[in-house]
Amino acid sequence: MKITIIGTGYVGLVTGACLAELGNDVFCLDVDQRKIDMLNEGGIPIHEPGLEEVVARNRAAGRLRFSTDVAASVAHGQLQFIAVGTPPDEDGSADLQYVLAAARNIGRHMDGFKVVVDKSTVPVGTADRVSAAIKEELAARGAQTEFTVVSNPEFLKEGAAVEDFMRPDRIVIGHDSSANGQRARELMKLLYAPFNRNHERSFWMDVRSAEFTKYAANAMLATRISFMNELANLADKVGADIEAVRHGIGSDPRIGHSFLYAGAGYGGSCFPKDVQAIERTARQYGQDLLILSAVEAVNERQKHVLGRKVVARFGEDLAGKRFAVWGLAFKPNTDDMREAPSRVLLQELIARGASVAVYDPVAMPEARRVLELDLGADKLSRIEFKDAPMEALDGAEALVIVTEWKAFRSPDFEQLKARLKQPVVIDGRNLYEPAQMTGLGIEYHGIGRSVLTSK
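Predicted model only: the values in this text are computed from it and were never measured.

What counts and what doesn't
- Residues numbered from 1 in each chain as written.
- Predicted model: local features only at pLDDT ≥ 70, side-chain atom pairs only at ≥ 80, totals over all residues.
- Heavy atoms only, no water.
- Helix = DSSP H or I, 4+ residues; strand = E, 2+ residues; numbered from the N terminus.
- Rg over C-alpha atoms; globule rule 2.2 N^0.38 Å.
- Contact = heavy atoms within 4.5 Å.
- Areas by Shrake-Rupley, 256 points an atom, 1.4 Å probe, with all protein chains shown as cover.
- Lys, Arg positive; Asp, Glu negative; His and termini not counted.
- Charge placed at Lys NZ, Arg CZ, Asp CG, Glu CD.
- UniProt positions renumbered as here; feature names shortened; annotations may be inferred.
- Polar contact = N/O pair within 3.5 Å; in protein donor to acceptor, adjacent residues only side chain to side chain.
- Salt bridge = Lys/Arg side-chain N within 4 Å of Asp/Glu carboxyl O.
- Buried < 20%, exposed > 50% of the residue type's maximum accessible area, 1.4 Å probe, protein only.
- Core = buried A, V, L, I, M, F, W, Y, C linked by side-chain atoms within 4.5 Å.
- Domains from an automatic or database assignment.
- Buried area = accessible area lost by both parts, 1.4 Å probe.

Description of the overall build of the protein chain
Logical step 1: Across its full length, the protein chain holds 18 helices and 14 strands.
Logical step 2: The globule rule puts the C-alpha radius of gyration for 455 residues at 23 Å, and the 24 Å found for the protein chain is close to it.
Logical step 3: Taking the principal axes of the C-alpha coordinates as reference, the protein chain spans close to 80 × 45 × 45 Å.
Logical step 4: Across the protein chain, contacts joining residues at least 24 apart in sequence account for 75% of those joining residues at least 6 apart.
Logical step 5: Carbon and sulfur atoms make up 51% of the accessible area of the protein chain, which totals about 20,100 Å².
Logical step 6: Side-chain charges of the protein chain comprise 55 positive and 62 negative groups, with the mean position of each set lying 2 Å from the other.

Topic: the UniProt feature "domain: UDP-glucose/GDP-mannose dehydrogenase C-terminal" (unreviewed entry) in the protein chain
Logical step 1: In the numbering adopted here, UniProt assigns the feature "domain: UDP-glucose/GDP-mannose dehydrogenase C-terminal" (unreviewed entry) to residues 324-434.
Logical step 2: Helix makes up 32% of residues 324-434 and strand 16%, and the two end C-alpha atoms of the span are 20 Å apart.

Considering the side chain of N430
Logical step 1: Structurally, N430 can be placed in the loop between β13 (424-427) and α18 (434-439).
Logical step 2: Looking at N430, its side chain comes within polar contact range of the main-chain nitrogen of I447, at 2.8 Å.
Logical step 3: What N430 contacts, discounting residues up to four positions off in sequence, is I242, E243, A262, Y444, G446, I447 and R449.

Topic: the pattern of salt bridges
Logical step 1: Using the criterion set out here, one finds 32 salt bridges in the structure.
Logical step 2: Of the charged contacts in the structure, one is a salt bridge between E366 and R369, with a shortest N-O distance of 2.6 Å. Taken as a pair, E366 and R369 lie in helix α15 (residues 364-375) at a separation of 3 residues, close to a single helical turn.
Logical step 3: Take E366: its relative accessible area is 24%, and that puts it in the partly exposed class.
Logical step 4: It is possible to trace a salt-bridge network through shared partners that takes in R104, R108, E136 and E137.

Here's the deal with the nonpolar core
When a protein is soluble and globular, its nonpolar side chains tend to lie buried together.
Logical step 1: Counting residues in hydrophobic clusters, the biggest one holds 62 residues, and the most contacted among them are W326, L416 and Y432.
Logical step 2: Of the residues forming this core, the biggest block, 5 residues, is contributed by α15.
Logical step 3: The contact partners of L416, leaving out residues within four places of it in the chain, are W326, M390, L393, L399, P411, V425 and I442.
Logical step 4: I3, Y10, A83 and L187 belong to the second-largest nonpolar core, a separate cluster that totals 39 residues.

With respect to unusual backbone geometry
Logical step 1: Of note, the phi angle at E339 is positive, near 60 degrees, even though the residue is not glycine.
Logical step 2: Relative to the helices and strands, E339 is located in the loop between β9 (322-326) and α14 (341-351).
Logical step 3: One non-glycine residue, N430, lies in the positive phi region at around 55 degrees.
Logical step 4: Residue N430 is classed as buried on the basis of its relative accessible area, which comes to 9%.

A closer look at the domain arrangement of the protein chain
Logical step 1: Parsing the protein chain into structural domains produces domain 1 (2-204) and domain 2 (225-445).
Logical step 2: Here the C-alpha centroids of domain 1 and domain 2 sit 34 Å apart.
Logical step 3: With 14 residues of domain 1 at the interface, the matching set in domain 2 holds 17 residues.
Logical step 4: Here domain 1 and domain 2 share an interface that buries about 1,300 Å² over both sides, 50% of which is from carbon and sulfur atoms.
Logical step 5: Area buried by domain 1 at its contact with domain 2 is led by H47, D91 and E158, which between them contribute 45% of it.

Here you go:
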């Protein structure tokens, strides 16, 4: 099938590369010439395990191309996937300017029936706005070309996006009941047929329900995270172990184990933005989503939990003290620093006069860029970016772990103790067992793991 992907960001590039891997002829469009040049020269603009190999393989096979030529992109694909960014606007709503600009470009150049697929995460009702934008451009040209708009939200986890796309647990597709809508259904059914050979993974519904499904899914996952983080903070007070609690409640099949890990708060490009966007949609209809308002408030507070633990142990004034930080990206297997808890921690440590040595396996260049924006060049000079995790420990008062990279799970603890000024570990992802750490002579502070000793 001939497919056009508009946008070569995280969603667009993964979608385009994986659809090409299935044998389709994919044309990827982006207005950023530097990004297109990088892709055509064999690079990729994001870190995503396995993606570089898929892109290279399909470029070499001639199934995947990259261009800034809008007219050529519209001419290429009967299926036009819109996969551009929808950043949060000032009021928390999703900014649809890039989505609507893509729709207008399709309307300006289309010649023949097109299925326009909203792949970007967009609020309920966006398909109507996309359709209206295309109709306006067709009317301006005096053209009568037919089209239809389909909602096909993505459910990709950063760090596992290629695997998620190639082995989906569900494929959500929203279309209308018109003749063109049914025509679109048949084309989408053909496109996703390779994923449904073992069993049917496609869920067919109306467009607005499909748009709503994406926000509902992310809101539920964010809710589980904030729920556990709030309970973890209470567990610290009452002397319970949140890890034992997690196993206890996760064994209930009505609850399950996924997304019940306590930590330093969620970040990234999806959960913070999508929770705000669905809250904004609700307010437009005169409804307050009280649970999601609390989810967001808990998460913002949780991003300060590591700073609070540092202050509780070392005092309000951290001038002259040095700390080591492992992990900068908001989650492992990505270099994404958007809404990362590490940014909050580093701002707090620097504001209190501390210096910091940091290490992340992938995110260092991106971290340097965003932290300069957060702190300014002068304060950034108090952060040292180290080439290895152990190098960050030298002379530090404590190690603070922010991101749960696998490389941090089994360090040489004797070397860790020798390099730190004092053997203190503040673990924002509960990577280690408190009893084991105590046995090694390490003072350990987890999230919700301050178990009281019976007297």
